[in-house]
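An overview of the molecular structure
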Amino acid sequence: MYDYDLLVVGSANADLVVGVERRPGAGETVLGGDLAVHPGGKGANQAVAAARLGARTALLARVGDDGHGHLLLDSLRSAGVDTTAVLSGGAPTGVALITVDPSGDNSIVVSPGANARLTEDDVRAAAGVLGAARVVSAQLEIPLETVAAVVRALPEGTRFVLNPSPPRPLPDEVLAACDPLVVNEHEARVLLGDGESGDDPADWARRLLALGPRSVVVTLGAKGALVCDASGARAVPSVTVAAVDTTGAGDAFTAALAWRLGAGGELAEAAAYAARVGAAAVTRRGAQESYPTAAEVAALDA
């Protein structure tokens, strides 16, 4: 019996968000709206998204002993996330600087702060939490060495889900553990390592699968997703919504996917559900504040 449906190992950031009429080019200054501060970070986002859906969720992360860290802990606990493994101190809480244009598209710059101090020793100290989780999910806003330590510490039978964001080349041991590797178009192109990747997501997925992961999911925004494993590639639809803010939608997708896979769902079914969760998230502003409950996802699909 597992204590947690999902353990997320990853980042926790304060999101500093400004709305702009258009995002600035190089050397350009534009005026924006009022600054809003939201709890975010890919790890914390995934944990909150899963907990809102009803998953028993824990987070292994590091925040600063500061106002932003307290904001994050309050948000996590309010959503029902177990914060026993959230460490405090060592550096200021990570910060993401986000601009959002009227279409809902965003640009993000992250200052890792305490996230960069989540170490292999922290993973080893959290062995009890790792052993109590059915699925472990990670991203790359923490050191890659820490993610590799998570892979080495996974108990037999525990499923590992990775969103390699921000993307970078991955060691073979990490790729081999991914089930699935979850990427968007930009991340897929970086991992494939060439400028001639073409425009066919199914081709990206097959080529990524050949690198070693057990399965691959390519997210396609409003078009849904594409899944690929040893049985082949399959398209997964989404639902049409009016996007307000895409911040954190990919994290909601990954969290929902990981939870449904851990509950025994097939890859395509889990991805279809995750696409609906991501669609619901873009209809509201912010990251964690936008994440739906299972009932809200069901209503969207009705």
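In the block above lies the structure referred to throughout.
Here we summarise the structure given alongside this text. (Residues numbered from 1 in each chain as written. Predicted model: local features only at pLDDT ≥ 70, side-chain atom pairs only at ≥ 80, totals over all residues. Heavy atoms only, no water.)

Quick notes on the pattern of salt bridges
Under the convention used in this document: For this document, the term salt bridge refers to a Lys or Arg side-chain nitrogen within 4 Å of an Asp or Glu carboxyl oxygen. Secondary structure elements follow DSSP: runs of H or I no shorter than four residues count as helices, runs of E no shorter than two count as strands, and numbering proceeds from the N terminus. Here's how the labels work: a residue is buried when its accessible area is under 20% of the maximum for its type, exposed when over 50%, partly exposed in between, all with a 1.4 Å probe on protein chains only.
Within this structure, the stated rule accounts for 14 salt bridges. Glu185 serves as the salt-bridge partner of Arg189, at 3.2 Å between the closest nitrogen and oxygen. Separated by four residues within a single helix, Arg189 and Glu185 lie in helix α7 (residues 185–192), roughly one turn from each other. Of the residues examined, Glu185 reaches a relative accessible area of 40% and is grouped as partly exposed. Of the charged contacts, one joins Asp229 and Arg234 as a salt bridge, the two residues approaching to 3.6 Å between their closest N and O atoms.

Examining the environment of Asn106
Residue position: Asn106 is located in strand β7 (residues 106–111). In this structure, the C-alpha to C-alpha distance between Asn106 and Ala281, residues 175 residues apart in sequence, is 14 Å.

Examining α7
Threshold: Working definition: the arc comes from the directions between the helix axis and the C-beta atoms, pointing outward to the latter. In this analysis, two residues are considered to be in contact whenever any of their non-hydrogen atoms come within 4.5 Å of each other. N or O atoms closer than or at 3.5 Å make up a polar contact, with two conditions inside protein: a donor-capable atom paired with an acceptor-capable one, and, for residues adjacent in sequence, both atoms drawn from side chains.
Taken together, the buried positions of α7 are occupied by Glu187, Ala188, Leu191 and Leu192. Looking straight down α7, one finds that the buried residues subtend no more than 130° of arc, so they occupy a single side. On its buried face, α7 sits against β9 (159–163), β10 (178–183) and α8 (201–209). With a side-chain oxygen positioned 3.2 Å from the backbone nitrogen of His186, the residue opening α7 is Asn184. Backbone geometry just downstream of α7 places Gly193 in the positive-phi region, at approximately 75°.

Side note on unusual backbone geometry
With an omega of -5°, the peptide bond between Ser165 and Pro166 qualifies as cis. A cis amide bond links Asp179 to the next residue, Pro180, at an omega of 15°. By secondary structure assignment, the location of Pro180 is in strand β10.

What about the nonpolar core?
Our working rule: Only buried Ala, Val, Leu, Ile, Met, Phe, Trp, Tyr and Cys residues count toward a nonpolar core, and they belong to the same one when joined by side-chain atoms within 4.5 Å.
In terms of nonpolar packing, the biggest core is built from 47 residues, with Leu59, Leu76, Val81, Val217, Phe253 and Leu257 touching the most fellow members. Elements represented by at least two residues in this core include exactly β1 (4–9), α1 (42–53), β4 (57–63), α2 (67–79), β12 (225–229), α9 (249–262) and α10 (267–281). Per element, the largest residue contribution to this core is nine residues, and it comes from α10. Ignoring anything within four residues of it in the chain, the contact list for Leu59 reads Leu7, Val8, Gly10, Gly43, Ala44, Ala47, Leu76, Val81, Asp82, Ala85 and Val86. In terms of nonpolar packing, the next biggest core, distinct from the first, is built from 44 residues, Phe160, Leu170, Leu181 and Leu226 among them.

So, the sheet that holds strand β8 (residues 133–139)
Pairing between sheet strands relies on hydrogen bonds along the backbone, with the strands arranged either parallel or antiparallel. Formally: We treat two strands as partners when DSSP finds at least two bridges between them. All axes here are fitted lines through C-alpha atoms, helices being fitted over the stretch that makes contact, and every angle between N-to-C directions spans 0 to 180 degrees.
Taken in spatial order, the nine strands make up an open sheet running β5-β4-β1-β8-β9-β10-β11-β12-β13, and their pairing is mixed. The two strands at the open ends of the sheet, each matched to only one other strand, are β5 (86–88) and β13 (232–236). Looking at each pair of strands side by side, their axes are set apart by 20° on average, direction ignored. Pairing between strand β11 (residues 216–219) and β12: four bridges, direction antiparallel. If you follow Val218 over to β12, its bridge partner there is Leu226.

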